[in-house]
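Residue strings, one per chain:
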Amino acid sequence: MSNATAMAVLELTPVECAAPFQAFCVPNLAFPLAGEARPPIVDLVTRLLAAAQKLGLSAPALWLDTQQIHQEGGSKIYGSHARRWSPEMGFCFDPSEAAPRKLRFDDLLNMEYGTQPRLADRSCIFVSNLQQSLAAYEVMSGRGVANLLCFHEADTLAAAQRYMQHTQQTLKRYMAEGEFQNFKYYFPLLSSGSVAKASAQQLSEWFSEAGLYLRESPETKELVIVGDRSLEHLFEIAGLQRTGYGEISPWALHLPQQTETGEMQ
């Protein structure tokens, strides 16, 4: 006997964001995701990336945040694919927080008992073989490491290279004086909190030529979705449904789940 129809529902919650930018998040995601929680997120992201291209944005470029890449064998998986992905190393950080600097001895002395030190030394990996971007995302997705950008220019590699050069002039100055100065690029790790605090000018600086930003945020346990304009048309093309009313309302993606008989309902 087969089960009743089962649907996975992903809720996209609006995030406060300076116009004309718009942001949403999928909350309550404990990265790395358990097996059954991963496919719906991959499906959502894949739909959003395909919809972005239909709207004239580029194919995605992928950056991997290495902070928890080691969890559940992630480092070994990455290592087995690294040569094919042609990695380029950089630095990643939350631009809304204190200027990144190296850990000092007095930081350890002033820590509250039972807490972990905040390490700002955080490397990032750009998958420069863009033919592998989607494949690399599918391999590494759900681990809290994936960051994707779609640009307004069709040539993703040229746009990504310009973006990384742009961060040398803009995001590098967020570093504490004399700290972390020799990286090829500086990638912004955004969360719903950092987006809500940012001005339109700051978001423009962090986005540059990008039109869509997607990030698995392990710190805030969410998938962050930010556009440089309204995301309504993107969501419609991706097959999402509006679940509320008002100028900015929640959206949801309903996905069929496999039953015990192996059928898709």
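Criteria and thresholds
Residues numbered from 1 in each chain as written. Predicted model: local features only at pLDDT ≥ 70, side-chain atom pairs only at ≥ 80, totals over all residues. Heavy atoms only, no water. Helix = DSSP H or I, 4+ residues; strand = E, 2+ residues; numbered from the N terminus. Buried < 20%, exposed > 50% of the residue type's maximum accessible area, 1.4 Å probe, protein only. Areas by Shrake-Rupley, 256 points an atom, 1.4 Å probe, with all protein chains shown as cover. Contact = heavy atoms within 4.5 Å. Core = buried A, V, L, I, M, F, W, Y, C linked by side-chain atoms within 4.5 Å. pLDDT = per-residue confidence, 0-100. Arc of directions from axis to C-beta. Pairing = 2+ DSSP bridges. Phe/Tyr/Trp six-rings, centres within 6.5 Å; stacked < 30°, edge-to-face > 60°. Axes fitted to C-alpha atoms, helices over the stretch in contact; angles between N-to-C directions. Parallel < 35°, antiparallel > 145°, perpendicular 65-115°, else oblique. Nonpolar A, V, L, I, M, F, W, Y, C, P; charged D, E, K, R; others polar. Salt bridge = Lys/Arg side-chain N within 4 Å of Asp/Glu carboxyl O.

Chemist: Which residues make up the overall build of the protein chain, and what values go with them?
Modeler: The helix and strand inventory of the protein chain stands at eight helices and eleven strands. In the protein chain, which comprises 265 residues, the proportion classed as buried is 48%. Here the protein chain displays about 13100 Å² of accessible surface, and carbon together with sulfur accounts for 50% of that area.

Chemist: Explain the environment of tryptophan 85 to me, and be specific about the residues and the numbers.
Modeler: Among the structural elements, tryptophan 85 can be located in helix α2 (residues 74-85). Separated by 50 residues in the primary sequence, tryptophan 85 and alanine 135 have C-alpha atoms spaced 9.4 Å apart. Ignoring anything within four residues of it in the chain, the contact list for tryptophan 85 reads Leu64, Tyr78, Val127, Ser128, Asn129, Gln132, Ala136, Val139 and Met140.

Chemist: Please give an account of the nonpolar core that cites residues and values.
Modeler: Generally speaking, soluble globular proteins have nonpolar side chains that are buried together. Among the nonpolar cores identified, the biggest contains 44 residues, and Leu12, Leu44, Leu64, Leu212, Ile225 and Phe235 are the most heavily contacted of them. For this core, the element with the most residues is helix α1 (residues 38-54), which contributes eight residues. Once you skip the residues sitting within four places of it in the chain, leucine 12 turns out to touch Phe24, Cys25, Val26, Leu44, Ile225, Phe235, Leu240, Pro250 and Trp251. Counting 35 residues, the second-largest nonpolar core is a separate cluster that includes Ala23, Cys25, Ala61 and Met175.

Chemist: Kindly report on the confidence of the model for the protein chain, identifying the contributing residues and their values.
Modeler: Scored by pLDDT, the protein chain comes out at a mean of 89, with 85% of its residues at no less than 70. Contacts for the low-pLDDT stretch residues 1-5, under 50 throughout, to residues beyond four places or in other chains number seven contacts.

Chemist: So what's going on with helix α4 (residues 133-140)? Which residues, and what values?
Modeler: Turn by turn, an α-helix covers 3.6 residues, leaving residues three or four places apart pointing in a common direction. Along α4, the residues that are buried comprise Ser133, Ala136, Tyr137 and Met140. Angularly, the buried residues of α4 cover 100° about the axis, an arc narrow enough to put them on a single face. Buried-residue contacts for α4 involve α1, β3 (61-65), α2, β5 (123-127), β6 (146-151) and β8 (210-217). Looking one or two residues past α4, glycine 142 carries a phi angle of roughly 80°, positive in sign.

Chemist: Could you give an account of the pairing of strand β2 (residues 22-26), naming the residues involved and the relevant values?
Modeler: Summarising burial for β2: five of the five residues are buried, a large majority. With five bridges joining them, β2 and strand β9 (residues 222-227) adopt antiparallel strand pairing. Bridge pairing links alanine 23 to valine 226 in β9.

Chemist: Describe in detail the packing of aromatic side chains, supporting the description with residues and values.
Modeler: Following the criterion strictly, the structure yields 17 aromatic pairs and no others. Aromatic side chains phenylalanine 187 and tyrosine 213 sit 6.1 Å apart centroid to centroid with 15° between the ring planes, which places their arrangement in the stacked category. One end of the pair, phenylalanine 187, is in strand β7 (residues 186-188); the other, tyrosine 213, is in strand β8, and 26 residues separate them in sequence.

Chemist: Would you mind going over the packing of α2 against α4 in detail, with residue names and values included?
Modeler: Running from N to C, α2 and α4 cross one another at 170°; their axes reach a closest spacing of 11 Å. Taken together, α2 and α4 sit at an angle that is classed as roughly antiparallel. Two secondary-structure elements touch here, α2 through Gly74, Ile77, Tyr78, His81 and Trp85 and α4 through Ala136, Val139 and Met140. Considering only residue class, the contact of α2 with α4 consists of six nonpolar, two polar and no charged.

Chemist: Describe in detail the environment of glutamate 236, supporting the description with residues and values.
Modeler: Locating glutamate 236 in the fold gives a position in helix α8 (residues 232-237). Glutamate 236 sits 185 residues away from alanine 51 along the chain, and the two C-alpha atoms are 8.6 Å apart.

Chemist: Describe the pattern of salt bridges, with residues and values.
Modeler: Counted by the stated rule, this structure contains ten salt bridges. One salt bridge in this structure joins arginine 242 and glutamate 232, with 2.9 Å as the shortest N-O distance. Residue arginine 242 is located in strand β10 (residues 241-242), and its partner glutamate 232 is located in helix α8; the two are separated by ten residues in the primary sequence. Taken together, the shared-partner salt bridges connect Asp65, Arg122, Arg215 and Glu219 into one network.

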